[in-house]
Amino acid sequence: MSAFGEALLLNPERVDPWNHFILDSANGMISPRYVGPGFDIFGEKTLEVLECINYEAVTEGRRRVLRRYYDAVDAVLSGTSPTFAMIKVVREAKEDDFGLSSWFAAHEGADEKQFKELKIRFPRQWRTFQRISARWA
């Protein structure tokens, strides 16, 4: 609780956690977002209390989901039928236990190489992914 009685733990049912966290896609670690003179207080306090967010098993799970997303998007980018290949991307979004789809669709993940290319080359499929991600977030 803050000095004003405000809860400082993030409730992912009420706010988008990616507004307060940053993901290192190389290692699966989550950190509080840096804002202004310091770290986001909600992200920082949530990570202090819920240390399990960055336990090795959890970060490994995130890395596995990240790899599956990259593989699915690569299939869209390299295949002859991007619409058919999008089925795998949509499945990943629906089965995403870590909420990474919204990171890819609306935050820094959209700037990852494969996702940026998906957005440019296949705008219709990109919009589909964004809609699905918003629904399943």
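Everything numeric here is computed off the predicted structure, so don't read it as measured data.

The rules behind these values
- The residue numbers shown here count from 1 along each chain, following its written sequence.
- pLDDT decides what is reported in this predicted model: residues at 70 or higher carry local features, side-chain atom pairs at 80 or more are listed and counted, and totals for whole chains, interfaces and linings draw on all residues regardless.
- The side-chain figures draw on all heavy atoms in the structure; neither hydrogens nor water molecules are used.
- Numbering of helices and strands runs from the N terminus, with a helix taken as a DSSP run of H or I at least four residues long and a strand as a DSSP run of E at least two residues long.
- Partly exposed residues are those whose accessible area sits between 20% and 50% of the maximum for their type, while under 20% is buried and over 50% is exposed, using a 1.4 Å probe and protein chains only.
- Whether two residues are in contact is decided by their heavy atoms: any pair within 4.5 Å suffices.
- Positive residues here are Lys and Arg, negative ones are Asp and Glu, while His and the chain termini are left out of the count.
- Every charge is mapped onto a representative atom, which is NZ of Lys, CZ of Arg, CG of Asp or CD of Glu.
- Along the chain, pLDDT gives the predictor's confidence residue by residue, from 0 to 100.
- Any carboxyl oxygen of Asp or Glu that lies within 4 Å of a side-chain nitrogen of Lys or Arg is treated as forming a salt bridge with it.
- Think of a polar contact as two N or O atoms within 3.5 Å of one another; within protein, one of them needs to be a possible hydrogen donor and the other a possible acceptor, and neighboring residues in sequence only count if both atoms come from side chains.
- Interaxial angles span 0 to 180 degrees and are taken between N-to-C directions of axes, which are lines fitted to C-alpha atoms, for helices over the stretch in contact.
- Angles below 35 degrees are treated as roughly parallel, those above 145 as roughly antiparallel, those between 65 and 115 as roughly perpendicular, and all remaining angles as oblique.
- By convention, the crossing between two helices is left-handed when the near helix turns anticlockwise from the far helix through less than a right angle, and right-handed when the turn is clockwise.
- Classification convention: Asp, Glu, Lys, Arg as charged; Ala, Val, Leu, Ile, Met, Phe, Trp, Tyr, Cys, Pro as nonpolar; all other residues, Gly among them, as polar.
- In short, DSSP must find at least two bridges between two strands for them to pair.
- Pairing of aromatic side chains requires ring centres within 6.5 Å, counting the rings of Phe and Tyr and the six-membered ring of Trp. Pairs whose planes differ by under 30 degrees are stacked, by over 60 edge-to-face, and all others tilted.

Next up on the list: the overall build of the chain. Of regular secondary structure, the chain possesses six helices and four strands. Mapped in sequence order, the helices and strands of the chain form the string β-β-β-β-α-α-α-α-α-α. Seen through its C-alpha atoms, the chain measures out along the principal axes to roughly 55 × 25 × 25 Å. Here the chain, with 137 residues, has 39% of them falling under the buried criterion. Restricting the contact set of the chain to residue pairs at least 6 apart, pairs at least 24 apart contribute 58%. Charged side chains of the chain number 19 positive and 20 negative; the gap between the two group centres comes to 9 Å.

In the predicted model, the chain carries a mean pLDDT of 90, and the fraction of residues at 70 or more is 93%. Per-element averaging of pLDDT across the chain places helix 6 (residues 123–136) at the bottom with 88 and strand 2 (residues 29–32) at the top with 97.

Right, let's get into the side chain of Asp96. The residue Asp96 is located in the loop between helix 3 (82–94) and helix 4 (100–106) in this model. Within the buried set, Asp96 has no salt-bridge partner at all; the shortest N-O distance to an opposite charge, 6.9 Å, is to Arg68. Engagement of the side chain of Asp96 in a polar contact is seen with the backbone nitrogen of Phe98, the distance being 2.8 Å. Contact partners of Asp96, with chain neighbours within four places excluded, come to Val65, Tyr69 and Ser101.

Turning our attention to the packing of helix 2 (residues 56–78) against helix 3. In contact at an axis separation of 8 Å, helix 2 and helix 3 are set at 165 degrees when each is read in the N-to-C sense. Compared by their axis directions, helix 2 and helix 3 come out roughly antiparallel. For the element pair helix 2 and helix 3, the recorded crossing hand is left-handed. Between helix 2 and helix 3, the contacting residues are Arg68, Tyr69, Asp71, Ala72, Val73, Ala75 and Val76 on the first element and Pro82, Ala85, Met86, Lys88, Val89, Glu92 and Ala93 on the second. Of the residues contributing to the contact of helix 2 with helix 3, the split by class is ten nonpolar, no polar and four charged.

Once that is clear, we can look at the pairing of strand 1 (residues 21–24). Every second residue of strand 1 is oriented toward a common face, the buried set being Phe21 and Leu23 and the non-buried set Ile22 and Asp24. The pairing of strand 1 with strand 2 spans four bridges and is classified as antiparallel. Directly across from Leu23, in strand 2, lies its bridge partner Ile30.

In total, this model carries eleven aromatic pairs according to the counting rule given. Between Tyr70 and Phe115, the ring centres sit 6.2 Å apart and the planes meet at 65 degrees, which makes this aromatic pair edge-to-face. Placement of Tyr70 in helix 2 and of Phe115 in helix 5 (residues 113–121) is noted, with a sequence separation of 45 residues between them. Residue Tyr70 shares its accessibility class with Phe115, and that shared class is buried. Taking the centre distance of 5.8 Å and the plane angle of 45 degrees together, the rings of Trp126 and Phe129 count as tilted. Placement of the pair is Trp126 and Phe129 together in helix 6, with a separation of three residues, close to one helical turn. Among the residues examined, Trp126 registers a relative accessible area of 3% and is labelled buried.

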